[in-house]
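Below are the chains, spelled out letter by letter.
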Amino acid sequence: MSQLASVGTEETIARFQRCVIPNYKRYPVCLVRGEGSWIWDAEGRRYLDLFPGWGCNILGHCPPKVVEAVRDQVGRLIHVPNTWYTEPQGDFAELLSERSFGGQCFFCNSGAEANEAAIKLARAWGHPRGRYKIVTMEHGFHGRTYAALTATAQPKYHAGFEPMVPGFTYVPHNDLSAVEKAVDHETAAILIEPIQGEGGINLPAPGYLEGLRKICDVRGALLILDEVQTGLGRTGTWFAYQHFGIEPDALTCAKALAAGVAAGVLIARPELAAVFQPGMHASTFGGNPIACRAGIAAVETIEEDGLLARGVAVGARFQSRFEHLREERPELVRDIRIRGVMIGLELTMNASAVVAECLERGVLVNATHDVVVRLLPALTIDDAQIDQGCDVLADAVKTVADRRA
Ligand SMILES: *Cc1c(COP(=O)(O)O)cnc(C)c1O
């Protein structure tokens, strides 16, 4: 057992089995400490983490400036409610507003909560206009609370929880004519991830997001982007929409927002944001000073260390390594989809088996949509770590393929 753990992994797992609701599938590993792209378990084993914090730890584990900001804040003021003003919330809102489209922020604590806020804002905006419907895309993912779950157009996540919230319409992804048919005079908003994350790192077809913007403008509906996974530098820009020359009416962000500290935000155009009058929406912990200090430190670190550009270079290195694998074994790789440090490798085999092989070799990756290996590495990962991770991943892919053959 490592000095950092007070008990071994087995004992912790036994405690979970007694006392923690079993709604997650967990690997039998208890993690105790992280630094950058490295993480250690209770037995002192080290892993290379290509999926740190499920995309939340965009600066890797325990980035020094974020640690320092949180330590400083926690000794001054841990929490006060939103009946008062605090400097960190105002500062963080200003940083986000300036790096997006000059919108105003509502802070909360997670992605689902940010989407709930966006959906409520769209409904409140639409109410006097007779608009209440929300159009979302198949294979999208927006979270697990009821409205966010209903917005998630994947039957497997709805199963057993019906009836869902009324007023949602689903269309196939990347199909503009389907959207045109679905949007009518009762539509309040289109809600979409600019790049689908959980759905398998699905990039928008050329002209698709621009087309959605146009449909919204012509039909008088709102365009709301779920940037919970793509936001805060994941794709090489602060927000993914900035690749496409459009602006949304509102966006949501969470995961990377405060570099691993729980935080979510809805950013809305000021005219739209004005719909939320005092009392209409709230979050007790939202915009708390610890999360906001962490978020400010994250933005400053990304800027001072030139990490948006670094993220593009990281993506390019993964791209060339994956292309090498595809040249070597074309029958194993179906597609490579990369934008910055948002990375999908679509295989011709079960991706969960590849994840298990990587874990055995000390590398943490994720599988989504059956055949896609998803990586959301830290912007701070170095070239040697990328190469090591890609060597292990390629080896794992070949092992699973050869076992199958
Ligand atoms: C993870 C995710 C969510 C849900 O975020 P939570 O913090 O788990 O509630 C919503 N939308 C997208 C695009 C996500 O990736």
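The preceding data block contains the structure.
Participant: Provide a residue-level description of the pairing of strand 7 (residues 187-192), including the pertinent values.
Facilitator: Most of strand 7 sits out of view: six of its six residues are buried. In the sheet, strand 5 (residues 133-137) pairs with strand 7 via three bridges, with the strands oriented parallel. Across the sheet, residue Lys133 finds its bridge partner in strand 7, namely Thr187. Of the strand pairs in this sheet, strand 7 and strand 8 (residues 222-226) are connected by four bridges, and their pairing is parallel. Bridge pairing links Ile190 to Leu223 in strand 8. Of the crossover connections in this fold, the one passing from strand 7 over helix 8 (residues 208-219) to the parallel strand 8 is right-handed.

Participant: Please give an account of the site of the ligand that cites residues and values.
Facilitator: Around the ligand sit Ser110, Gly111, Ala112, Asn115, Phe141, His142, Gly143, Glu193, Asp226, Val228, Gln229 and Lys255, and those are all the residues in its vicinity. One of the side-chain N or O atoms of Lys255 is found 2.6 Å from an oxygen atom in the ligand. With the chains in place, 81% of the 380 Å² that the ligand exposes on its own is no longer accessible. In terms of residue count, the dominant contributor to the shell around the ligand is helix 4 (residues 111-126) (three residues). Tallied by class, the residues present in the shell around the ligand amount to three nonpolar, six polar and three charged.

Participant: Can you break down the nonpolar core residue by residue, with the values?
Facilitator: Counting 88 residues, the largest nonpolar core has Ile190, Phe318, Phe322 and Val354 as its most contacted members. With nine residues, the top contributor of residues to this core is helix 13 (residues 383-404). Aside from chain neighbours lying at most four places away, what touches Val354 is Leu347, Met349, Val373, Leu393, Ala396, Val397 and Val400. One finds Phe106, Ala117, Phe168 and Ala189 within the second-largest nonpolar core, a separate group that totals 23 residues.

Participant: Residues and numbers for the environment of Arg213, please.
Facilitator: Note on placement: Arg213 falls in helix 8. C-alpha of Arg213 to C-alpha of Val371: the two residues are 158 residues apart in sequence and 31 Å apart in space. When near neighbours in sequence (up to four residues on either side) are disregarded, Arg213 contacts Ala221, Leu223, Ile246, Glu247, Pro248 and Asp249.

Participant: Can you lay out the packing of helix 3 (residues 87-99) against helix 10 (residues 289-304) for me, pointing to particular residues and giving the numbers?
Facilitator: One can describe the packing of helix 3 onto helix 10 by two numbers: an axis separation of 8 Å at closest approach and a directional angle of 40°. Judged on the interaxial angle alone, helix 10 and helix 3 are oblique. Considering only the axes of helix 3 and helix 10, their crossing is left-handed. Contact residues: Pro88, Gln89, Asp91, Phe92, Leu95 and Arg99 in helix 3; Pro289, Cys292, Arg293, Gly295, Ile296, Val299 and Glu303 in helix 10. Looking at the contact of helix 3 with helix 10 residue by residue, the class counts come to seven nonpolar, two polar and four charged.

Participant: Break down the sheet that holds strand 11 (residues 333-339) for me, citing the residues and quoting the values.
Facilitator: Reading across the sheet, the four strands line up as 11-12-15-14 and stay open at both edges, with antiparallel pairing between neighbours. Both outer strands of the open sheet, strand 11 and strand 14 (366-368), are each paired with one neighbouring strand and no more. Strand-to-strand, the axes of this sheet are offset by a mean angle of 25°, without reference to chain direction. Of the pairings in the sheet, the one linking strand 12 (residues 342-347) to strand 15 (residues 372-375) comprises four bridges and is antiparallel in character. Of the residues in strand 15, the one forming a bridge with Glu346 is Val372. Packed onto the sheet, helix 11 (residues 307-328) meets strand 11, strand 12 and strand 15 and runs at close to 170° relative to strand 11.

Participant: I'd like a rundown of the sheet that holds strand 2 (residues 38-41), residues and numbers included.
Facilitator: Backbone hydrogen bonds hold the strands of a sheet together, and the pairing may be parallel or antiparallel. A sheet is described by the order of its strands in space; here four strands give the open sequence 1-2-3-13, paired in mixed fashion. The open sheet has two free edges, formed respectively by strand 1 (31-35) and strand 13 (363-364), since each of these has just one partner strand. Sheet analysis places strand 1 next to strand 2, joined by four bridges and oriented antiparallel. Counted as the bridge partner of Gly34 is Ile39 from strand 2. Against the sheet, helix 13 touches strand 2, strand 3 (46-49) and strand 13, its axis set at about 95° to strand 3.

Participant: A description of the environment of Thr399 should follow, citing residues and the corresponding values.
Facilitator: Mapped onto the fold, Thr399 is located in helix 13. Classification of Thr399 by relative accessible area gives partly exposed; the value is 25%. Through-space distance from the C-alpha of Thr399 to that of Glu357 is 8.0 Å; in sequence the pair is 42 residues apart.

Participant: Could you give me a rundown of the state of the cysteines, with the residues and numbers involved?
Facilitator: Two cysteines whose sulfur atoms are joined by a covalent bond form what is called a disulfide. Summed over all chains, the structure comprises zero disulfides. Just so you know, Cys62 is unpaired, no disulfide at all, and the nearest cysteine sulfur is the one on Cys56, 14 Å from it.

Rules used in this analysis
Residues numbered from 1 in each chain as written. Predicted model: local features only at pLDDT ≥ 70, side-chain atom pairs only at ≥ 80, totals over all residues. Heavy atoms only, no water. Buried < 20%, exposed > 50% of the residue type's maximum accessible area, 1.4 Å probe, protein only. Helix = DSSP H or I, 4+ residues; strand = E, 2+ residues; numbered from the N terminus. Pairing = 2+ DSSP bridges. Right-handed = clockwise from strand over helix to strand, strands pointing away. Near = heavy atom within 4 Å. Polar contact = N/O pair within 3.5 Å; in protein donor to acceptor, adjacent residues only side chain to side chain. Areas by Shrake-Rupley, 256 points an atom, 1.4 Å probe, with all protein chains shown as cover. Nonpolar A, V, L, I, M, F, W, Y, C, P; charged D, E, K, R; others polar. Core = buried A, V, L, I, M, F, W, Y, C linked by side-chain atoms within 4.5 Å. Contact = heavy atoms within 4.5 Å. Axes fitted to C-alpha atoms, helices over the stretch in contact; angles between N-to-C directions. Parallel < 35°, antiparallel > 145°, perpendicular 65-115°, else oblique. Left-handed = near helix turned anticlockwise from the far one by under 90°. Disulfide = S-S within 2.5 Å.

Any functional reading would require information beyond the geometric quantities listed.
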